[in-house]
Amino acid sequence: MKFFVDTADTDAIAELNNLGMVDGVTTNPSLIMKSGRDIKEVTKQICEMVDGPVSAETVALDAEGMIAEGRELAKIADNITIKVPLTWDGLKACKVLTGEGRMVNVTLCFSANQALLAAKAGATFISPFIGRLDDLNIDGLDLIADIREIYDNYGFETNILAASIRTANHMSECAKIGADVATAPPNVIKAMANHVLTDKGLDAFLKDWASTGQKIL
Ligand code: E4P
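All of the points below concern the structure found in this document.

Scoring rules and cut-offs
Residues numbered from 1 in each chain as written. Predicted model: local features only at pLDDT ≥ 70, side-chain atom pairs only at ≥ 80, totals over all residues. Heavy atoms only, no water. Helix = DSSP H or I, 4+ residues; strand = E, 2+ residues; numbered from the N terminus. Buried < 20%, exposed > 50% of the residue type's maximum accessible area, 1.4 Å probe, protein only. Contact = heavy atoms within 4.5 Å. Areas by Shrake-Rupley, 256 points an atom, 1.4 Å probe, with all protein chains shown as cover. Salt bridge = Lys/Arg side-chain N within 4 Å of Asp/Glu carboxyl O. Pairing = 2+ DSSP bridges. Axes fitted to C-alpha atoms, helices over the stretch in contact; angles between N-to-C directions.

Further remarks concern the overall build of the protein. For the protein, the helix and strand inventory stands at 11 helices and 8 strands. Each principal axis of the C-alpha atoms in the protein carries an extent, and together these give about 70 × 40 × 30 Å. With 217 residues in all, the protein has 45% of them scored as buried. Nonlocal contacts in the protein, meaning residues at least 24 apart in sequence, comprise 57% of its contacts between residues at least 6 apart. Summing over all exposed atoms, the protein offers an accessible surface of approximately 11400 Å²; the carbon and sulfur share of this is 54%.

Following this line, the structure appears as structure tokens:
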């Protein structure tokens with residue numbers, strides 16, 4: 001499973017990228033707002049840092065506007081992925097933009113039917129939002145499994161990009177289901193390293209080591 005980082009925080013991206021943990025980046029209007037930076041300027045910097053796809057989201061509501069914005073965003077760098085919402089107009093824009101050879105990430109997906117339509121429209125990525133479904137007491141991971149099954153049934157090449165990931169558990173469950181990509185905030189990726197038994201074991205080793213009076217260096 002590929003790891004994308006869901007942030008426009010370039011310091012956080014750099015830290016994970018240096019560890020080889022970044023296969024791509026996703027941003028959205030809320031993350032750009034949080035960065036406090038200009039969308040083109042920060043996205044360009046991210047594209048220079050990361051080799052993989054970098055999603056930049058359109059904000060128009062009509063297909064024509066999304067296509068125009070998508071073409072403009074694509075000028076930033078070759079690894080830009082244009083993000084459009086899963087609306088009827090978003091699907092129209094997806095078809096046109098992928099037809100021009102551009103990568104398109106169809107976002108705000110909350111049902112298997114929506115994912116099926118995105119695949120038919122030629123989406124490069126479909127972004128089902130796990131955490132926002134969990135918030136409504138609907139198991140977001142079930143949606144990832146349903147989409148995996150449907151795409152595999154018919155050999156759709158659209159990549160399942162599990163999004164709205166809130167916990168380290170979401171990451172391992174997505175990997176078990178077979179999501180192609182998971183995009184997560186930096187703190188969630190770092191939390192994957194945590195285990196209470198690791199901390200407990202380390203504590204015991206250090207106490208025993210101290211009692212030996214030895215030094216390695
Ligand atoms: C995906 O591309 C979105 O940017 C993101 O995963 C949304 O996550 P949230 O529900 O935590 O805002």
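More follows now that the structure is in view.
The residue Glu48 is located in helix α3 (residues 39-49) in this model. Judged by relative accessible area, which is 59%, Glu48 ranks as exposed. Between the C-alpha atom of Glu48 and that of Thr10, which follows or precedes it by 38 residues, the distance is 11 Å.

Enumeration over the complete set of coordinates arrives at 13 salt bridges. One salt bridge in this structure joins Lys83 and Glu57, with 3.6 Å as the shortest N-O distance. Linking Lys83 in strand β4 (residues 80-85) with Glu57 in strand β3 (residues 54-57), this pair joins segments that are 26 residues apart in sequence. Comparing Lys83 with Glu57 shows no difference in burial state: the two are buried. Ionic pairing is found between Glu100 and Arg71, a salt bridge with its closest N-O pair at 2.4 Å. Separated by 29 residues along the polypeptide, Glu100 in the loop between α5 (88-99) and β5 (103-109) and Arg71 in helix α4 (residues 63-74) bring together distant segments of the chain. Classification of Arg71 by relative accessible area gives partly exposed; the value is 36%. Through salt bridges that share partners, Lys40, Glu72 and Lys75 make up one connected network.

Moving on: the sheet that holds strand β1 (residues 2-6). The 8 strands are arranged β1-β2-β3-β4-β5-β6-β7-β8 in a closed barrel whose pairing can be described as parallel. Averaged over all neighbouring strand pairs, the angle between strand axes comes to 30°, with direction disregarded. Relative to strand β2 (residues 24-26), β1 runs parallel, the two being bridged by 3 bridges. Note that in β2 the partner of Asp6 across the bridge is Thr26. Against the sheet, helix α6 (residues 112-120) touches β5 and β6 (125-128), its axis set at about 165° to β5. Docked against the sheet, helix α8 (residues 140-154) engages β5, β6 and β7 (159-162), running at close to 175° with respect to β7.

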